[in-house]
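Structure assessment
Residues per chain, in single letters:
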Amino acid sequence: MGYRPRTRSSKRTCGEARKAFQKKKQPNNRLSSHGTKQDWEEKTVSLQQTFEITLKRLHTLGNQKFGSSPFCEHFDRWLLNVEAVLDEFEAQPDVNIDEQFTKERNQIIAEIKLQLENRRQQESSLEMQINDMSDAKNRLQQTKKEYLARALMLKNQKVVTVKRLNKEIETLKEEQEQIVKMKTGFFRGISKKERERRETLAMQRCSDKQQELEVIVLDFKEKQKQLREEYENKCTPLLEEVKTFQKCTKEMETDNSLEERWFTCEALSDTINNFFQRKISKPPASP
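The present account deals with the structure reproduced in this document.

Rules used throughout
- Residues numbered from 1 in each chain as written.
- Predicted model: local features only at pLDDT ≥ 70, side-chain atom pairs only at ≥ 80, totals over all residues.
- Heavy atoms only, no water.
- Helix = DSSP H or I, 4+ residues; strand = E, 2+ residues; numbered from the N terminus.
- Buried < 20%, exposed > 50% of the residue type's maximum accessible area, 1.4 Å probe, protein only.
- Contact = heavy atoms within 4.5 Å.
- Areas by Shrake-Rupley, 256 points an atom, 1.4 Å probe, with all protein chains shown as cover.
- Phe/Tyr/Trp six-rings, centres within 6.5 Å; stacked < 30°, edge-to-face > 60°.
- Lys NZ or Arg CZ within 6 Å of the ring centre and 35° of its normal.
- Salt bridge = Lys/Arg side-chain N within 4 Å of Asp/Glu carboxyl O.
- Expected span 1.5 Å × (residues − 1).
- Axes fitted to C-alpha atoms, helices over the stretch in contact; angles between N-to-C directions.
- Parallel < 35°, antiparallel > 145°, perpendicular 65-115°, else oblique.
- Nonpolar A, V, L, I, M, F, W, Y, C, P; charged D, E, K, R; others polar.

Let's talk about the overall build of the protein chain
When helices and strands are tallied, the protein chain shows 7 helices and 0 strands. The buried share of the protein chain, reckoned over its 287 residues, is 32%. Long-range pairs, those at least 24 residues apart, make up 84% of the contacts in the protein chain with a sequence separation of at least 6. Split by element, the accessible area of the protein chain, about 18,800 Å² in all, is 51% carbon and sulfur.

Overview of unusual backbone geometry
Trans is the prevailing form of peptide bonds, just as negative phi is the prevailing case for residues other than glycine. The phi angle at N96 is positive, at roughly 50°, despite the residue not being glycine. Inspection of the secondary structure assignment puts N96 in the loop between helix 3 (75–90) and helix 4 (99–132). A residue is classified by how much of its surface remains accessible, and N96, at 52% relative accessible area, is exposed.

Quick notes on the side chain of T271
Note that T271 resides in helix 7 (residues 258–280). A relative accessible area of 4% means that T271 is categorised as buried. Not counting residues up to four positions away in its chain, the partners in contact with T271 are F101, E104, R105 and I108.

A word on the packing of aromatic side chains
With the rule as written, the count across this model stands at 8 aromatic pairs. One Lys or Arg, K223, reaches over the ring of F220 and ends 5.7 Å from the middle of that ring. It is R261 that lies over the ring of W78; its NZ or CZ is 5.4 Å from the centre.

Notes on the pattern of salt bridges
A full pass over the atoms with the stated rule returns 16 salt bridges. The salt bridge involving K223 is made with D219; its shortest N-O contact spans 3.4 Å. Here the residue K223 and the residue D219 both occupy positions in helix 6 (residues 192–252), the gap between them amounting to 4 residues, near one helical turn. Residue K223 is classed as partly exposed on the basis of its relative accessible area of 38%. The salt bridge involving K234 is made with E230; its shortest N-O contact spans 3.5 Å. Taken as a pair, K234 and E230 lie in helix 6 at a separation of 4 residues, close to a single helical turn.

Re helix 7
When the terminal C-alpha atoms of helix 7 are compared, their 33 Å separation across 23 residues agrees well with the 33 Å that a helix rising 1.5 Å per residue should span. Most of helix 7 sits inside the fold, with 17 of its 23 residues counted as buried.

Brief notes about the packing of helix 3 against helix 7
At a minimum axis distance of 12 Å, the contact between helix 3 and helix 7 shows a crossing angle of 5°. Regarding the angle of helix 3 to helix 7, the classification is roughly parallel. Contacts from W78, V82, L86 and F89 of helix 3 reach helix 7 at R261, T264, C265, L268, I272 and F275. Its residues assigned to classes, the contact of helix 3 with helix 7 shows 8 nonpolar, 1 polar and 1 charged.

Structure representation (structure tokens):
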């Protein structure tokens, strides 16, 4: 990510600055008179207040959270606010920024502008992906709906077919029973050969029908299996699209620029603190 500031550097540095200020209260041979020394101390206090106000404003901007996506819509406004804080700080008459401060400040601002531009492009890419996959759930639901309708139709066909075949088998069995009754019943006058022929034919027809039933059941099972496989083959890519869609949506709802913006404000705070140390370490020379 580039520059990483020291944690909580602003508070620690300000504390050190106060200690440095206390030391400045000791007699200093470089100050020619009590009036010059007092003016320098008052000026240092005023400068410290200016610096602390700027650090507080940067701390607030570093922790600023954007309310909703797309978060890139807030980037320009946030950058303007950061630059406004710096411009106001630099415009103070007693600040008088040096070349090192200007160089560090410009480098930090340039880096965060580049980082936010990268974030802007990432958000734009995610938004395009979401738009491309926005109908994935609808297509998945439609595929499931079509599968259930076809599965129900196939099930109903199986029920009707099996019921018809079972009824035909039952009828054939009844015919077999009638043929057996011919031996002692009204039709006992029919020859034995004829009875055997009829009985054999009825048994064969019953057996054929039973085999037909078994083939039909197996055929329906195979059709159901094929239908299920077809459904799963259609659903697999759609499910992947939905997962990607959910992942992109979740990422779009997260402000990933927060950490980068926080580090930027901390880096600027360190730069300001270092500049303050350089400034108070060089009191005006005696006239």
